[in-house]
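Understanding the architecture of this molecule
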Amino acid sequence: MNNTRIKKVVIAGGGTAGWMAAALISKSLGRGVELTLVESDAIPTVGVGEATIPPIINFHKVLDLGEKEFLSRVNGTFKLGISFEGWHDLGKDYVHSFGFAGKSNWAAEFHHFWVGAKKRGIDVSQYGDYCAEHLAARMKKFAVVPKNGVNYAYHLDAGLYAKFLREVSEKYGAVRKEGTIAKVNLDQDDGSIKSILLESGETVEGDLFVDCTGFRALLIGEALGTGYDDWSHWLPCNSAVAAQTELTAPPLPYTRSIARPFGWQWRIPLQNRAGNGLVFSSDYLSDEDAKTFLAENVDGKLLTDPRVIKFTTGSRKVHWKKNCVAIGLSSGFLEPLESTSIHLIQRSITRLVQLFPSNGIKQSQVDEFNQQCRDEIESIRDFIILHYHVTDRDDSDFWRYCRTMDVPDSLSHRIKLFKETGKIFKKDLDLFAEESWVQVMMGQGLMPDAYHPVVDTMADDSLGEFLKDTLMSTKQKVERLPEHHEFIEYYCKST
Ligand code: FAD
């Protein structure tokens, strides 16, 4: 496609996506590239994005970031999963945790033994009780235990995280340039991006451009005209209102997601405050009513005025076009129901570094990148739709739409297979493993009609004993843990 050696990399935008990209590219490619990040002090970042999932721990390991320092810098707390409240039906809650419920065998996962026992009339506890992360979340306990601990992620302050990553990036040689992009200059011959022109009149040239300009998508969208697949018919929420509040209790070790008649509300506890928001569909609620609803349904005093954010759920048709790679909100958006956006940023940067076109951009690299991004985001899209579609809620037009809408064939197949056989299979680029799908499917009220026959090789008393032992060992593991807030205090002080 192009044999120009890629030496100068320009990142446009300095939100979470821009600085995560700058940190990983500068750390991994070092002085092999000249990295410039352009961000505008006049254009704020989206300013939300505070819940993460476990793979972020690996991202920090690659960057050599100390966990204690990171937590202190971002007012971070630990996250064991998400409490989905009122999603299955009003008054019915479950936790999608980062853990595994119990032992599997090669043919059948743990839930087959649980479902089998239940169907055979053996006394069982709630499915989630067999999972340490679930139980620890409910008991508000947590500790980082190096071996055989609980699986976790973080809640963080997005603004502080970007600042922290800026320091890391600059340490590894990235150069920050402040300025507002006024124009993107294209090459007359091949239509690729030649440079960006700042309002100051300065021109920033590059060989490869990373578009991290957020929803504006100045490079990939505006300049290169890359289209967007709109998935609003499956995920009708298109607005959010966000505000910060004081903490009224010690921070919980999980995110709360509370289903509402027109969407859902999040609550994310940090060390010093809570992040709150309402994700809703403007077909069912006005912006003004959303602000009022949020203000009336938070626990602590508001620290910021409720702020409305508009979005269109979907994906750029391609995330890499010519010499421009879109990362973050410029590449697409899935609502933060499963905290997947920061993870998608991490995946795209990792993929870009793995496929880095040092010797010129080849079409095979671009195609591979785009295919992987597409497979990954579509699988997450299906997982999010599942939460809305498989529900007993019938108390509002919003929920009636969601439960009766058509869903993608890929999801419909998964739902049917699980209902009929209890089986779920993880595909190559699926982010969520079988256990996550099972927790959400059963949490939303989808019980399999069948279980694997291997379960029936066990007599009732052995099956009962197996479940009891699993429950006991989970309880013993969790009861040893300290309270989450006590652990944070101790851990951050011991930096
Ligand atoms: P932005 O933060 O918008 O940054 C854009 C950057 O581009 C800024 O630095 C801006 O100055 C710069 N810029 C724009 N135009 C110009 C210009 N003309 N010249 C120069 N610079 C320019 N993700 C999660 O993983 N977990 C969550 O819990 C979560 N919650 C969310 C809740 C909501 C309501 C929303 C909308 C998103 C949420 N996300 C969440 C997604 C997350 O916020 C984003 O993925 C993340 O912040 C990355 O944003 P960004 O860096 O792509 O864009």
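Check the entry above for the structure.
For clarity, every value in this text was computed on a predicted model and none was experimentally measured.

The rules behind these values
- Residues numbered from 1 in each chain as written.
- Predicted model: local features only at pLDDT ≥ 70, side-chain atom pairs only at ≥ 80, totals over all residues.
- Heavy atoms only, no water.
- Salt bridge = Lys/Arg side-chain N within 4 Å of Asp/Glu carboxyl O.
- Helix = DSSP H or I, 4+ residues; strand = E, 2+ residues; numbered from the N terminus.
- Buried < 20%, exposed > 50% of the residue type's maximum accessible area, 1.4 Å probe, protein only.
- Phe/Tyr/Trp six-rings, centres within 6.5 Å; stacked < 30°, edge-to-face > 60°.
- Lys NZ or Arg CZ within 6 Å of the ring centre and 35° of its normal.
- Near = heavy atom within 4 Å.
- Polar contact = N/O pair within 3.5 Å; in protein donor to acceptor, adjacent residues only side chain to side chain.
- Areas by Shrake-Rupley, 256 points an atom, 1.4 Å probe, with all protein chains shown as cover.
- Axes fitted to C-alpha atoms, helices over the stretch in contact; angles between N-to-C directions.
- Parallel < 35°, antiparallel > 145°, perpendicular 65-115°, else oblique.
- Left-handed = near helix turned anticlockwise from the far one by under 90°.
- Contact = heavy atoms within 4.5 Å.
- Nonpolar A, V, L, I, M, F, W, Y, C, P; charged D, E, K, R; others polar.
- Pairing = 2+ DSSP bridges.
- Right-handed = clockwise from strand over helix to strand, strands pointing away.

1. So, the pattern of salt bridges
In total, this model carries 28 salt bridges according to the counting rule given. With its nearest N and O atoms 2.7 Å apart, the salt bridge here joins E376 to R351. Here R351 lies in helix α9 (residues 341-354) and E376 lies in helix α10 (residues 363-389), a separation of 25 residues in the sequence. Of the two residues, E376 and R351, both sit in the buried class. Shared partners join several salt bridges into a network, and the residues in it are D229, K317, R374 and E378.

2. A closer look at the packing of aromatic side chains
One pass over the structure, following the stated rule, counts 33 aromatic pairs. Aromatic pair W264 and W266: ring centres 6.2 Å apart, planes at 50°, arrangement tilted. The buried category is assigned to W264, whose relative accessible area is 2%. According to the relative accessible area criterion, W266 is buried, its value standing at 8%. Aromatic ring contacts, followed pair by pair, group F70, F78, F142, Y152, Y154, Y161, F487, Y490 and Y491 into a single cluster. Above the face of the W231 ring, R381 is positioned so that its terminal group lies 4.8 Å from the ring centre. Over the ring of W437 we find R414; its NZ or CZ atom is 4.3 Å from the centre of that ring.

3. A word on the site of the ligand
Taken together, 33 residues sit near the ligand, with G14, I43, A51, I181 and I342 positioned nearest. In this structure, an oxygen atom belonging to the ligand sits 3.3 Å away from a main-chain N or O atom of T16. A distance of 2.7 Å separates an oxygen atom of the ligand from a polar atom in the backbone of I43. When isolated, the ligand has an accessible area of 1,000 Å², and the protein chains bury 98% of it. The element that contributes the greatest number of residues to the shell around the ligand is α9, accounting for three residues.

4. Quick word on the packing of α10 against helix α13 (residues 434-443)
Between α10 and α13, whose axes approach to 9 Å, the crossing angle comes to 20°. Taken as axis vectors, α10 and α13 run roughly parallel relative to one another. The handedness of the crossing between α10 and α13 is left-handed. Residues S379, D382, F383, L386 and H387 of α10 lie in contact with α13, whose contacting residues are S436, W437, V440 and M441. Of the residues that constitute the contact of α10 with α13, the class distribution is five nonpolar, three polar and one charged.

5. What about the pairing of strand β1 (residues 8-12)?
Within β1, four of the five residues are buried, leaving the element largely enclosed by the surrounding structure. Judged from the five bridges that link them, β1 and strand β2 (residues 34-39) form a sheet pairing that is parallel. Bridge pairing in β2 places V9 opposite L35. In terms of handedness, the path from β1 via helix α1 (residues 16-29) over to β2 forms a crossover that is right-handed. Relative to strand β11 (residues 208-211), β1 runs parallel, the two being bridged by four bridges. Residue pairing across strands places A12 opposite D211, the latter belonging to β11.

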